[in-house]
Each structure stands twice: as structure tokens, then as C-alpha cells.
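Inside the fold
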Amino acid sequence: MGIIETHDLRFVYGKGTPFEKVALDDVSISIEQGEFIGVIGHTGSGKSTLVQLLNGLLRPASGEVLLGGNDIWAKPKKIRNVRFEVGLVFQYPEYQLFEETVYKDIAFGPTNKGIKDKEELDRIIRTAAEFAGLKESLLEKSPFDLSGGEKRRAAIAGVIAMQPKVLILDEPTAGLDPKGRDRILDRIRAYREKTGSTVLLVSHSMEDIARVADRVLVMNHGKVEMFDQTKNIFKHGERLAEIGLRVPQVTQVFLELKRLGADVRTDVYTMEFAKGVAMDFLKRTEAAPGIPAEKPAVSPAGTLREEARPDDTDATEGGDAQ
Amino acid sequence: MEEKLTPPSASSGEDGIQQISLQDVYFEYESTDEAPPKEVLHGVSLSVRKGEFVALLGHNGSGKSTIAKHMNAILLPSGGKVYVAGMDTADENLLTDIRRTVGMVFQNPDNQLVATIVEEDVAFGPENLGIPSAEMRQLVDDALKAVGMYEYRRHAPHKLSGGQKQRVAIAGIIAMRPKCIVFDEPTAMLDPRGRQEVMDAIDNLVKKLGITVVLITHYMDEAAKADRVIIINDGRLLMEGKPNEVFSHIDMLREHHLDVPQATELAQYLRSEGYDIPDDVLTPEECARAILGARAGSKKE
């Protein structure tokens, strides 16, 4: 049994109005305790609707969401508790900071959850701040005096402080520079390793997803398009492009090599792995006879070594590999 | 590291007409009750030539957006001068002309759309410039075609995707016929398809309409498309040059918390391992060809 499961989940916006739109249909997924799940899909694919259904902000039209095996809507009056257990960090969460100090802002969630003991609360707040990579000295500052990246991390700390079993982050790195992005991804990864929490990361950055996710959920037009291990997802470059997504740039290199007729694996999606695969490929064929660099795919087959056989039917010149 | 590929002086405008020129620009935010004045630009000199596509990179807080806001007189320098097509931005009488010369597109398209129909939104800017309605029709249609949104001219902007909204915002700027457009992270809020649509539109502005483009971005693959990349760090110019020149300095970029395109990083790594890989790889296609080329050649010593 997964920590969180959905069965035939369906959601309709504007039901009964002329603007009725099925935002989510037939979604059945199961996520295990401690997994790191990447969620991708074009704008309007249903990913934000899905994460809001997972923490009970939206109620399904039909189907169910199970948390630890229990239907979260079994007792609608208790739905608030689900929001403590499935913590959701919205897009641009820094706009939701509102307290006088960062400390008070982080305290908001756990206080509402019912933690009254001052010392325990203090410990929770400081631990959450540390997980989010916020310096102690920032806690007494006004949230409005923080930098963009710090604000974002303060908002994440506020959700972590509720000690959720499942942490969902909707585009946590949008608009940040590479440094701010790396810091947030590193903190999330460390948090998950230390606490064993389940994490869902929604992102438009395939490179980010490739770096952190065990499995990737691909949404398209309100339905599950793919849900598989990361390496299996990024093999499907063409299909991902069709549905408005792409593969990491480093994966594109290997897809292009394949298209040009090279016998090379394409389930390559991180830089470190890519370096190894490229080195292997070069070593393996180092002694190969000369092939013109400009148009390798049209070289006579006889000049290619066995492992570089150009027998892929789709490896024709002028193919469309974005 | 203080290395500079070319001296960051205004002299780089010699081989073309300067559209925008910053000369030793200083800028400080005024003091408030809580904070003392803060200097964020410490003597920036740079120029953008007519028809050029320049990418401005730097981490958050580096001063790149502050520089962009000097390019159409949203901000005025505390020291030094900014000229737009020869006009001093500090001269209030020239403000309207300066804003007509340099348009700006921001991150969030939702904050830039005002009307309920796409074509009305695009017409908003030229209307305010007092352009007669006979010309207006043509201006609006041309602008929408330039960004590939003509078929959507009667749609409601709020129902469009992020990439479509951003292209409508761009059309609204184009309709005012600026010579230059400054984009401040126009794709930061978009999904991959939206990013591609906006980058294609920008490409079209440069190549087909001859509009000068300054693009501020965190995405290195976008910067790789520019004619020239300028890196800003701590309110100063750190480096400038062609994308392949700048991106070959991987260590320095890393030190300043910037990325390089993954294709460039992979190519540079293989090169450092002794393979015969060119040093100007920017795209996945170039990287794949370089690897095949290197495999054909022998290992360098």
C-alpha cells in the first residue's frame, strides 16, 4: 500500500456552468513512503489540480484519494488535518508570507496544528528553518526584508514546520537564479533523506527533475500520460515534445547521436552519467576508421565498426529531433 | 577572478550604430527610514548596437535588472550617463521619445495585459500614442502576425496559455514600433512549450524585423542564441563576448553561480579528457556532431 494513492480521480471546474471543464480524469496512481516523485506536464495539464486534490484543497467529482489507506474525504469536517499531513508549497509562496517576523510566519502552521508547548514549537521552527537553509539571524527579521530566494525558503520552512508526511512543492525554483535553484533543490533532497518523507516536486525544468526524482509522473490533458522511473521517462523524447515538454539538454545530445546513426544508449539524463557514457562511446570506437564530422550518418556502412551499425530505421538524415 | 575577454568599454560600438549606451553608470537606491542608501551599480559601461541581440546574465541581485531599467529611463543613473539612440535619458523632455524607442517586456504576462480581447490589448499602446485608427488596424495585425498570434486576435487574453499571453504582451510592444525591446526574464514563468514560443518570437523580431533585443535570462540555452553575452556581477561587468567564448569559462561561471548549457559542459569535459572536440559547442546537435567527429579522429596527446 502506498502512502498516498488515488483511484479513478476526476475533477471538473465550473460544474453545471457553460464553462464546465474536466481538469482531471481517470487518475489512478500510487506513491510509496519515502519516494521522490517529479511531476511534469504543460500548463493546464492538470498537475496543479492534482496536487490540490492530494491535500484536500479541492474535492474530487468522483474517485478517491487515500492517505495511509484512508479516504481523506471520509470525514469532510476533518479535512483540515489532511493539510497538515500533506504539506503543499504553492507557486510563488513568498507572496503568502504575512507575519511581522520570519519566526512567527514559520510558527503559523504548527501552532494551528495544535502544538502549544513553547519549547517544542521553538525546536520545530528552528529545525524547519535549518532544513530550508535559513540562517538563525534571519528569523527575527521581517519577511519583507529577505531576498527572493530567502523568502521562498522561509515559505518552504513554514510548510516543513507542520511536519507533513508528504511534502508537495509546486514549482519551487521558478524565477530563481541557478544558485537559488541549487540551494532549494539541495535542501529538499537533504530534508527527504533525513526525515524519510515522501516528496512530490512539480517543475517545468526537466534538468531539475532529472537530478532529483526517483520516478516521474507525466500529466497531459488531465490524464496520466506516463508514470515510471526517471530513466524510462526521458527515453521518450519525441512523445514528450508532442505534449509540450522536452527532455534535459544532455539527453538531447544522446538522442541526436542515435539519430545520426551512432549505437549509443539514450537513457542518459544527468551530467555525471552522460560524461561516463560519452567517454565509453569514444573509447569503444577510438580505433574506428575516419568518418567525416559533418555528415556521419551518410558514411558508407562499410567504414563503420560493428557497434555503430546504422540500422535504425528512424536514423535518417533530416529527421526531426528538435 | 578579474579576467575579461574584451575590455568592457563603450568602444565595442565602433562597428555599428549604438542604440543604447551606458557610460560609467552608478546607481544607488535612496535611503529609507530603515535602510541607508545602497549602491547597486558601480560604474557600468556597455553599449548595444543597432540590430544586435544581447543577453544579460547574472545571479539575482547582481544588478542586471537595474541596468535594464536604465535602458528606457524607468531608472536614472546617480552617476554617469545613459543614451538611447543618442538621447540622454536624464532629459525629461525626451522621456516620451525614449520610451517609444525602447520597449520593455516583463516576467509576468498577467500583469501586462489590460483588455478583454487580444487585439484591443495590442492596440492599447499605440492608441495612447495617438496613432490614427486607420493605421492602427495594420499596426495591430502586423504585430500579432510577428508573434504568431494573429488567429487569436478575437480571443480573451485570460484564456490563453502563458506563452500565448506573453506573445500578446510582446505584440503590444511591437505595435508601438520600438527600435529596441528589453526583455526581463520573459520565460521565467512559462512551461517548456511556452518558453520555446517566446524564444521563437524573439528570434523573429531580431531576424525579420531588425529590432534590437536585450534579453535578461537565467536560462543559458536562451543566452546561447544571442550575438553577445554580458555577465553582470555585483553591479559591475564581469565578462562579455560571444556565447561560445563566455561559456568556455565554465569554472568562472560556476564561481559566480551561473550555469553553462549542458551540451557545452559535456563537450568541454570531453575536450579536457583529450578528445578533439571544438571549443565552441553550444547546442545538443553541435555536441553530438562533435562527439562523432572526435570518435573518427584519434585521441590528442
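Residues numbered from 1 in each chain as written. Chains lettered and ligands numbered in written order. Predicted model: local features only at pLDDT ≥ 70, side-chain atom pairs only at ≥ 80, totals over all residues.

**Re the overall build of chain A**
Helix and strand counts for chain A stand at 11 helices and 10 strands. A burial count over chain A gives 46% of its 322 residues as buried. When contacts within chain A are restricted to residue pairs at least 6 apart in sequence, long-range pairs at least 24 apart make up 64% of them. (Helix = DSSP H or I, 4+ residues; strand = E, 2+ residues; numbered from the N terminus. Buried ≥ 20, exposed ≤ 12 C-beta atoms within 10 Å, placed from the backbone. Contact = placed C-beta atoms within 7 Å.)

**Regarding the overall build of chain B**
Helices and strands together make up the secondary structure of chain B, namely 11 helices and 10 strands. Taken over the C-alpha trace, chain B has a radius of gyration of 21 Å; the compact-globule value for 301 residues is 19 Å, and the two agree within 12%. Reported as C-alpha extents along the three principal axes, the dimensions of chain B are approximately 70 × 50 × 40 Å. For chain B, the proportion of its 301 residues judged to be buried stands at 51%. Excluding contacts between residues fewer than 6 apart, the proportion of contacts in chain B whose partners are at least 24 apart in sequence is 63%. (Rg over C-alpha atoms; globule rule 2.2 N^0.38 Å.)

**Regarding helix α1 (residues 47-54) of chain A**
Residues and elements named next belong to chain A. Most of α1 is tucked away: seven of the eight residues are buried. When α1 is considered as a whole, its buried residues turn out to be Lys47, Ser48, Thr49, Leu50, Val51, Leu53 and Leu54. A positive backbone phi angle near 75° is found at glycine 56, which sits one or two residues after α1.

**Some details on the interface of chain B and chain A**
It is common to report an interface's size as the accessible area lost on association of the parts. Facing 38 residues of chain B, the contacting portion of chain A comprises 41 residues. Every element with two or more residues in the side of chain B that touches chain A is listed here: α6 (192-207), α10 (262-272) and α11 (284-296) of chain B. With 11 residues, α11(B) is the largest single contributor of residues to the side of chain B that touches chain A. When the residues that make up the side of chain B that touches chain A are grouped by side-chain class, the tally is 17 nonpolar, 11 polar and 10 charged. (Nonpolar A, V, L, I, M, F, W, Y, C, P; charged D, E, K, R; others polar.)

**Some thoughts on the confidence of the model for chain B**
Per-residue pLDDT for chain B averages 88, and the proportion of residues at 70 or more is 93%. Both confidence scores are given for the complex: pTM 0.80, ipTM 0.76. (pLDDT = per-residue confidence, 0-100.)

**Comments concerning helix α3 (residues 118-128) of chain B**
All names here are of chain B. Looking at α3, one finds that the buried residues are Val118, Glu119, Asp121, Val122, Ala123, Gly125 and Pro126. Structurally, α3 contributes buried residues whose contacts are with α4 (133-146) and α5 (162-174). One or two residues past the end of α3 sits glycine 130, with phi positive at roughly 75°.

**Details of the environment of Gly86(B)**
Residue and element names in this part refer to chain B. The residue glycine 86 is located in the loop between β4 (79-84) and β5 (87-88) in this model. You can call glycine 86 exposed: it has 11 C-beta atoms within 10 Å. Expressed as a C-alpha distance, the spacing of glycine 86 and glutamine 18, which sit 68 residues apart in the sequence, is 8.0 Å.

**A short note on the nonpolar core**
With 176 residues, the main nonpolar core has Ala157(A), Leu56(B), Ala171(B), Val214(B) and Ile291(B) as its most contacted residues. Ignoring anything within four residues of it in the chain, the contact list for Ile291(B) reads Leu257(A), Ala278(A), Phe281(A), Leu282(A) and Leu270(B). (Core = buried A, V, L, I, M, F, W, Y, C linked by C-beta atoms within 7 Å.)

**Notes on the sheet that holds strand β2 (residues 38-49) of chain B**
The strands that make up a sheet pair up through hydrogen bonds in the backbone, lying either parallel or antiparallel. Residues and elements named next belong to chain B. Strand order in the open sheet formed by four strands is β2-β1-β4-β5, with antiparallel pairing between adjacent strands. Looking at the sheet topology across the chains shown, the edges are occupied by β2 and β5. Bridge count for strand β1 (residues 18-29) against β4 is five bridges, and the pairing is antiparallel. Bridged to isoleucine 20 within β4 is valine 84. (Pairing = 2+ DSSP bridges.)

**Some words on the sheet that holds strand β5 (residues 70-71) of chain A**
Taken together, the four strands give an open sheet; going across it, the order is β2-β1-β4-β5 (chain A), and neighbouring strands pair in antiparallel fashion. Of all strands in the sheet, those bounded by a partner on one side alone are β2 (21-31) and β5 of chain A.

**Description of the domain arrangement of chain A**
All names here are of chain A. Looking at the assigned domains, one finds that chain A contains domain 1 (4-242) and domain 2 (249-308). Here domain 1 and domain 2 have C-alpha centroids that lie 39 Å from each other. Opposite the seven residues of domain 1 that make contact, domain 2 presents six residues. At the level of secondary structure, the elements contributing two or more residues to the side of domain 1 that touches domain 2 comprise α7 (206-212) and α8 (230-233). Here the side of domain 1 that touches domain 2 is composed, by residue class, of two nonpolar, two polar and three charged. (Domains from an automatic or database assignment.)

**Topic: unusual backbone geometry**
All names here are of chain B. Residue glutamate 185 is not a glycine yet carries a positive backbone phi of 50°. Phi angles above zero are rare outside glycine, and aspartate 234 is one such case at about 50°. Structurally, aspartate 234 can be placed in the loop between β9 (228-233) and β10 (236-241). C-beta crowding within 10 Å serves as the criterion here: with 14 such atoms nearby, aspartate 234 is assigned to the partly exposed category.

**Observations concerning the environment of Gly56(A)**
Residues and elements named next belong to chain A. With respect to the helices and strands, the residue glycine 56 is situated in the loop between α1 and β4 (62-67). On the basis of neighbour count, glycine 56 is assigned to the buried category, with 22 C-beta atoms found within 10 Å. Along the primary structure glycine 56 and serine 197 are separated by 141 residues, whereas in three dimensions their C-alpha atoms are 19 Å apart. If near-sequence neighbours (up to four positions away) are discounted, glycine 56 is found in contact with Ile72, Ile79, Val82 and Arg83.

**Observations concerning the confidence of the model for chain A**
Confidence along chain A averages 86 in pLDDT terms, with 88% of residues attaining 70 or more. Taken together, the stretch residues 289-322 of chain A has pLDDT below 50 and engages in 50 contacts with residues farther than four places along the chain or on a different chain.

**Some remarks on the domain arrangement of chain B**
Residue and element names in this part refer to chain B. According to the domain assignment, chain B contains domain 1 (10-260) and domain 2 (261-301). Each side of the interface is counted separately: domain 1 has nine residues, and domain 2 has eight residues. Within the residue set of the side of domain 1 that touches domain 2, elements represented by two or more residues are α7 (220-223) and α8 (243-247). Per-element tally for the side of domain 1 that touches domain 2: the top contributor is α8, with three residues.

**Focus: the pairing of β4(B)**
Residues and elements named next belong to chain B. Bridge count for β4 against β5 is two bridges, and the pairing is antiparallel. By the bridge assignment for β5, tyrosine 83 is matched with aspartate 88. Where β4 folds back onto β5 in an antiparallel hairpin, the turn is made up of two residues, including alanine 85, whose phi is positive at roughly 45°.

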